[in-house]
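Survey of secondary and tertiary structure
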Amino acid sequence: DFSVKTTQGDLRFSQWAAGGWTHLFSHPAAFMPVCTTEIAALASYGDVWRQENVRHLALTGSGIDDQIIWHEQIEGFFDIDIDFPCAHDAGLALSRLFGMLHEKESDECAVRKSFILDPDLRVRMILEYPIFIGRNMEELLRVIRALKLRQRTGVATPADWMSGEVVIVPDDRCETDVMRQFGSHSQQIMSYLRVVDPGDK
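A brief structural summary. (Residues numbered from 1 in each chain as written. Predicted model: local features only at pLDDT ≥ 70, side-chain atom pairs only at ≥ 80, totals over all residues. Heavy atoms only, no water.)

Concerning the overall build of the protein chain
In terms of helices and strands, the protein chain carries 7 helices and 10 strands. For the protein chain, the spread of C-alpha atoms along the principal axes amounts to about 60 × 35 × 30 Å. Across the 201 residues in the protein chain, those meeting the buried criterion constitute 45%. Of the charged side chains in the protein chain, 20 are positive and 30 negative, and the gap between their average positions amounts to 7 Å. (Helix = DSSP H or I, 4+ residues; strand = E, 2+ residues; numbered from the N terminus. Buried < 20%, exposed > 50% of the residue type's maximum accessible area, 1.4 Å probe, protein only. Lys, Arg positive; Asp, Glu negative; His and termini not counted. Charge placed at Lys NZ, Arg CZ, Asp CG, Glu CD.)

Structure below.
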């Protein structure tokens, strides 16, 4: 747990994050080109994140005043609303604690590291990108949807899975249970690969 100053005021992480899916992420600094596109892309998915009950918290070494000016520029240029808090990680203390600093990449800026936490504040996935490679919002959304589906149903998702596609039954649950849960029969593709249409799960 930690407390930070953000573009939306002071924030206590555990109180702010509890009950929703959280994307806690670092980016190098305000006024940097790749960071600009990432913040804009995240903000452009605002309706989707709200629908999925996902909140975002950015960590960067840049001060709050600089971030606010930067956000105003992004909002004006991209015609979007940055409605998630972005925190000042003073002295990069949290970035060091969370393994967001890779000194061979940079000893002054954090890499692009993301933690995805569930509503119980358990870390469910960690993603890392180098400083000069921007995140993919569709991949972030895909991962969160897959994690939520796994939590609800116990299924696994295959390579390149997208929401609505068939999923893997990773255990030996009987066909009656599969029918009860998903409303459709599973299909045995190989002796060790069984799939089912998740429907609206």
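A closer look at the pairing of strand S9 (residues 187-190)
Two elements, S9 and strand S10 (residues 193-196), share 3 bridges in a ladder whose sense is antiparallel. Among the inter-strand pairings, Met190 is bridged to a residue of S10, identified as Leu193. Hairpin connection from S9 to S10: 2 residues lie between these consecutive antiparallel strands. (Pairing = 2+ DSSP bridges.)

Focus: the packing of helix H2 (residues 33-44) against helix H4 (residues 64-78)
In the contact formed by H2 and H4, the axes pass within 10 Å of each other and the chain directions differ by 65°. Put simply, H2 runs roughly perpendicular to H4. Taken as a pair, H2 and H4 cross one another with a handedness that is right-handed. Note on element contacts: H4 touches H2 through Trp70, His71, Ile74 and Phe78, opposite Cys35, Thr36, Ile39 and Ala40. (Axes fitted to C-alpha atoms, helices over the stretch in contact; angles between N-to-C directions. Parallel < 35°, antiparallel > 145°, perpendicular 65-115°, else oblique. Left-handed = near helix turned anticlockwise from the far one by under 90°. Contact = heavy atoms within 4.5 Å.)

Here we look at the nonpolar core
In this structure, Ile39, Leu42, Trp49, Ile74, Phe84, Ile116 and Leu140 are the most contacted members of the largest nonpolar core, which totals 27 residues. Mapped onto this core, the elements with two or more residues apiece are strand S3 (21-26), H2, strand S4 (54-60), H4, strand S7 (123-129) and helix H6 (137-153). At 6 residues, the largest contribution of residues to this core is made by H6. Residues within four places of Trp49 in sequence aside, it is in contact with Leu42, Val54, His56, Met137, Leu140, Leu141 and Ile144. (Core = buried A, V, L, I, M, F, W, Y, C linked by side-chain atoms within 4.5 Å.)

Notes on the pattern of salt bridges
This model, assessed by the stated rule, comprises 15 salt bridges. One salt bridge connects Arg50 with Asp47, and the closest N-O pair in it is separated by 2.6 Å. Residue Arg50 and its partner Asp47 are both found in helix H3 (residues 46-51); the two are separated by 3 residues, about one turn of the helix. For the residue pair Arg50 and Asp47, the accessibility class agrees, reading exposed in each case. When the shortest N-O distance is used, the salt bridge between Glu128 and Lys113 registers 2.9 Å. With Glu128 in strand S7 and Lys113 in strand S6 (residues 112-117), this pair connects stretches of sequence that are 15 residues apart. Of the residues examined, Glu128 reaches a relative accessible area of 39% and is grouped as partly exposed. (Salt bridge = Lys/Arg side-chain N within 4 Å of Asp/Glu carboxyl O.)

Regarding H6
Turn by turn, an α-helix covers 3.6 residues, leaving residues three or four places apart pointing in a common direction. The end-to-end C-alpha distance of H6 is 24 Å, a good match for the 24 Å that 17 residues give at a rise of 1.5 Å each. All of the buried residues in H6 are Met137, Leu140, Leu141, Val143, Ile144, Ala146, Leu147, Lys148, Leu149 and Thr153. The N-terminus of H6 is capped by Asn136, whose side-chain oxygen sits 2.9 Å from the backbone nitrogen of Glu138. (Expected span 1.5 Å × (residues − 1). Polar contact = N/O pair within 3.5 Å; in protein donor to acceptor, adjacent residues only side chain to side chain.)

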